[in-house]
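Per-entry structural report
Listed below are the residues making up each chain.
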Amino acid sequence: MNDTTAGTPKLSWWRRLSGGLKRTSSALGTAVADLVTKRKLDRAMLDDIEDVLLRADLGTEVAVRIADAVGKGRYDKAISADDVKTVVATEVEKVLAPVAKPLEIDAAQKPFVILVVGVNGSGKTTTIGKLAAKLSAEGRKVMLAAGDTFRAAAIEQLKIWGERTKSPVIAGAQGSDSASLAFNALTEAKEQKLDVLLIDTAGRLQNKAELMNELEKVVRVIKKVDASAPHAVLLVLDATVGQNALSQVEAFHRTAGVTGLVMTKLDGTARGGILVALSEKFKLPVHFIGVGEGVDDLAPFTARDFAQAIAGIE
Ligand SMILES: Nc1nc2c(ncn2[C@@H]2O[C@H](COP(=O)(O)OP(=O)(O)OP(=O)(O)O)[C@@H](O)[C@H]2O)c(=O)[nH]1
Ligand SMILES: [Mg+2]
């Protein structure tokens, strides 16, 4: 990436992404650089490279594939850290390219219903706020539904995002039924012919059957108002959890029919590689990534940028 486009949104986003992924890329890059200096490539080196990739959460299949690609035609030759980084970026991009898909809002749906799910603290409410800002900046009429009825603070948090983004918020009393809240919000959004309804849900661990059943009920009740809804079910994943994200995807997909992923907190984690393992395993679309708490810190997911950032290519 060169500096000739300084000041464009593209570059500033690149800075934020590569800055955010610094801990992941330096865990990879430094380890690889240490491995390849003053050695000729042999099987032992490839095994070591594979270990580094596994520790970066890329997953076994991808790690093996990258190590094989590094070895191709290079046995008994000196190899530079940059060579390895280039191979890592190329192979990672191959995995990510098919899943990097924008979230498409079908304008024929009034409203287009987006249900946001995930474990506690993954970044659901913040992502809804960031999305509401984006979608309303594009000229869409957005409504927020405070489906996390467990905590009073959750309702307040969503209301603040509603004020910031000038979007109406439908909320019930704390402790009220989240499925009926979703029902009411959708009915209201339909009457008002709004463009998008973003439904927040309470955080729940993927192994808590009772809470997962409740989520299933939310989906079921939404369908009573509009059989085609929810039109998107976004699973928000916290990158810092590493391998646990795999079982989160499995459980939420089974319960709520996840249509796409958003990965948050890619800033300041050395575990950004988990997105590669998830993409390889589930092939679910990845729509957005979050690299900070601010309203602008959510960006569409692009395979090449992510692959280069993770490989530590400047
Ligand atoms: N660094 C960083 N922090 C984030 C990001 N996204 C969200 N956060 C922070 O993570 C914390 C939890 O975010 P919330 O949006 O409240 O998460 P939630 O999933 O709604 O949490 P529960 O409703 O409790 O399940 C907040 O402090 C957010 O500011 C991100 O991309 N990067
Ligand atoms: Mg929340």
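For the structure given in this document, a descriptive report is provided here. (Residues numbered from 1 in each chain as written. Chains lettered and ligands numbered in written order. Predicted model: local features only at pLDDT ≥ 70, side-chain atom pairs only at ≥ 80, totals over all residues. Heavy atoms only, no water.)

Looking at the site of ligand 1
Around ligand 1, a shell composed of 20 residues is seen, among which K124, T125, T126, D267 and E293 lie nearest. At 2.7 Å, a side-chain N or O of D267 approaches a nitrogen atom of ligand 1. Computed on the free molecule, ligand 1 has an accessible area of 650 Å², of which 79% lies beneath the protein chains in the complex. Counting residues per element, the shell around ligand 1 draws most heavily on helix 6 (residues 124–137), at 4 residues. Looking at side-chain class alone, the shell around ligand 1 contains 2 nonpolar, 11 polar and 7 charged residues. (Near = heavy atom within 4 Å. Polar contact = N/O pair within 3.5 Å; in protein donor to acceptor, adjacent residues only side chain to side chain. Areas by Shrake-Rupley, 256 points an atom, 1.4 Å probe, with all protein chains shown as cover. Helix = DSSP H or I, 4+ residues; strand = E, 2+ residues; numbered from the N terminus. Nonpolar A, V, L, I, M, F, W, Y, C, P; charged D, E, K, R; others polar.)

Let's talk about the pattern of salt bridges
Taken as a whole, this structure holds 16 salt bridges when the rule is applied. Across the pair D47 and R43 runs a salt bridge whose closest N-O atoms are separated by 2.9 Å. Placement of the pair is D47 and R43 together in helix 3 (residues 43–55), with a separation of 4 residues, close to one helical turn. Residue D47 is classed as partly exposed on the basis of its relative accessible area, which comes to 34%. E250 is the salt-bridge partner of K281, the closest N and O atoms lying 3.1 Å from each other. (Salt bridge = Lys/Arg side-chain N within 4 Å of Asp/Glu carboxyl O. Buried < 20%, exposed > 50% of the residue type's maximum accessible area, 1.4 Å probe, protein only.)

Digging into the layout of surface pockets
In this model, the largest pocket occupies a volume close to 340 Å³. G121, S122, G123, K124 and T126 are the residues nearest the centre of the largest pocket, which is lined by 21 residues in total. Looking at the lining of the largest pocket, the element that brings in the most residues is helix 6, giving 5 residues. By residue class, the composition of the lining of the largest pocket is 2 nonpolar, 12 polar and 7 charged. (1 Å grid on protein atoms, 1.4 Å probe; cavity = no way out; pocket = protein on both sides within 12 Å on 5 of 7 lines; lining within 4 Å. Points joined across faces, edges and corners; volume = space filled by probe spheres on them.)

Details of empty space enclosed by the protein
Counted according to the given criterion, the structure contains 1 cavity of 30 Å³ or more. When its volume is computed, the largest cavity comes out at roughly 30 Å³. Here the lining of the largest cavity is built from residues that sort into 3 nonpolar, 3 polar and 2 charged.

A short note on the environment of R151
Topologically, R151 is positioned in the loop between strand 2 (142–145) and helix 7 (152–165). In this structure R151 comes out as partly exposed when scored by relative accessible area, which is 44%. Distance in space between the C-alpha atoms of R151 and A173 is 9.6 Å, their sequence separation being 22 residues. Sequence-distant contacts of R151, that is, excluding residues within four places in its chain, are made with Q157 and Q174. (Contact = heavy atoms within 4.5 Å.)

What about the sheet that holds strand 1 (residues 112–117)?
With mixed pairing, 8 strands are arranged side by side in an open sheet as 3-2-4-1-5-6-7-8. In this open sheet, the two edge strands, each paired with only one partner strand, are strand 3 (169–170) and strand 8 (298–300). Bridging between strand 6 (residues 260–264) and strand 7 (residues 286–290) involves 3 bridges; their strand directions are parallel. Of the residues in strand 7, the one forming a bridge with M263 is I289. The strands touched by helix 10 (residues 244–256) are strand 1, strand 5 (232–238) and strand 6; relative to strand 5, the strand with the most contacts, the crossing angle is about 160°. (Pairing = 2+ DSSP bridges. Axes fitted to C-alpha atoms, helices over the stretch in contact; angles between N-to-C directions.)

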